[in-house]
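Architecture at a glance
One letter stands for each residue in the lines below.
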Amino acid sequence: MLGALGQILIYIVPFLLVLTFIVTIHELGHFLVARAFGVKVDRFAIGFGKAIFSRTDRHGIEWRFGWMPLGGYVKFSGDLDASSVPDQAGLAELRQRVIAEGGPGAERDYFHFKPVWQRALIVVAGPAANFVLAITIFAIVFMSVGTQLRPARVAQVQAGSPAAAAGFQVGDLITGVNGKAIKDGGEVTRTVMLSSGDPVRFTVERQGRAVELTATPERREENDPIAGRVKVGRIGLGLAPAAGDLRHVRYGPVEAVAEGVRQTGDVIGSTLTYLGRLVTGRESGDQFSGPLGIAKATGSLTTAAVEANPDPGAIAINLLLTLTTFAAILSIGIGFLNLLPIPVLDGGHLLFYGYEAVARRPVAARYQEMGYRAGLALLAGFMLFATWNDLQKLNIFQFLGGLVS
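Remember, it's a predicted structure, so these values are computed and weren't measured experimentally.

**Observations regarding the environment of Lys50**
Note that Lys50 resides in strand β1 (residues 41–56). As a C-alpha pair, Lys50 and Arg64 span 14 residues in sequence and 9.3 Å in three-dimensional space. What Lys50 contacts, discounting residues up to four positions off in sequence, is Phe65, Gly66 and Trp67.

This is how it looks when you write it as structure tokens:
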């Protein structure tokens, strides 16, 4: 019983806290820009289900906490369905009802009657808030704690590996990958992981001179302690900085924000690279994770933070640092996902608004309905695929097979 409770506390609770925090910031982005444009809002909710706390302010906005901590939402006045993009007939009906209730001009306070550029900015504000959150977290960490730079010093070259064939030697210092300067070994690892089958150009410093090497990563299956079983690119190098290589850097405010922007851009760039390789068939898609995988990663990070130092104060600091950094990365993922041009997501709304801006009228209701059905099916398929990945990486099927046998 205590074991099961401990697993819930380690895996589920941190995941729900991080997810709810990120989604709340996302919805707050929509809310703040909407209010800046004078949009009437009925409700801002954190969590779903029956309210455990509710208060209505002087603007008529209900602030609610639901009992299910699975995110949140903002409800604009006049929202009748999930699309928030009524067609011409729906707009006419809504306008008539609003004018009947509030008098001529009352419709100008409603989201649907705002200029299309304002509606687009309100929609973009959600994902933008996720990116701003990530940059802010990174910047605070870089200013308060700093970061340890671990130069990509070659400590081991596996015999018969692509790295050995390319001519890598123990002691080489990798200073560039594909023409990009490298400061930390993690940058080398991330590039190699997403380059299976593609030649990668390395610039190394060897005995005071620059040497150009090219190696093609091979896809290998590995058991990652955080992500589970995944197939990634490897060239057979072991990286470990020498004693004099390590540098601890703490940035000033401007540098920290710039580094936060760079880190956020790197995550988005890696995501785009992965999706591009997935579309062209060079990746299998096994790195996609759904709620199970994210919860498992959150639990693994929580466990690692607790085990790093048994001192209660150190545990609290490690947990805060680990979960906030993970929240930054997850926030980028949620922001990016919402910008995909899929109906029911923010990117789908932007797609409809783009059509409206060009055609001077909203998308017809039947086409919206078709789009939303296709979007829901696509998202459902994606979630099933991601959950299947999670179950495989967690070895659930092998476990069940062992029970049957």
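**Re the confidence of the model for the protein chain**
Mean pLDDT over the protein chain stands at 82; residues scoring 70 or higher make up 81%. Per-element averaging of pLDDT across the protein chain places helix α11 (residues 396–404) at the bottom with 40 and helix α3 (residues 116–144) at the top with 95. Here residues 396–405 is a poorly scored stretch, pLDDT under 50, and it has five contacts once near neighbours within four places are set aside; other chains count.

**Regarding the side chain of Glu356**
If you trace the backbone, Glu356 turns up in helix α9 (residues 346–359). Beyond its immediate stretch of four places on either side in the chain, Glu356 contacts Val116, Arg119, Arg361 and Pro362.

**Quick notes on the layout of surface pockets**
If you add up the space inside the second largest pocket, you get close to 300 Å³. In terms of lining, the second largest pocket is formed by 13 residues, of which the most central are Lys180, Glu187, Arg190, Thr191 and Ser270. Contributing elements (two or more residues each) for the lining of the second largest pocket: α5 (185–193) and α6 (253–279). For the lining of the second largest pocket, the element with the most residues is α6, which contributes four residues. In terms of residue class, the lining of the second largest pocket is built from three nonpolar, six polar and four charged.

Rules used in this analysis
Residues numbered from 1 in each chain as written. Predicted model: local features only at pLDDT ≥ 70, side-chain atom pairs only at ≥ 80, totals over all residues. Heavy atoms only, no water. Helix = DSSP H or I, 4+ residues; strand = E, 2+ residues; numbered from the N terminus. Contact = heavy atoms within 4.5 Å. pLDDT = per-residue confidence, 0-100. 1 Å grid on protein atoms, 1.4 Å probe; cavity = no way out; pocket = protein on both sides within 12 Å on 5 of 7 lines; lining within 4 Å. Points joined across faces, edges and corners; volume = space filled by probe spheres on them. Nonpolar A, V, L, I, M, F, W, Y, C, P; charged D, E, K, R; others polar.

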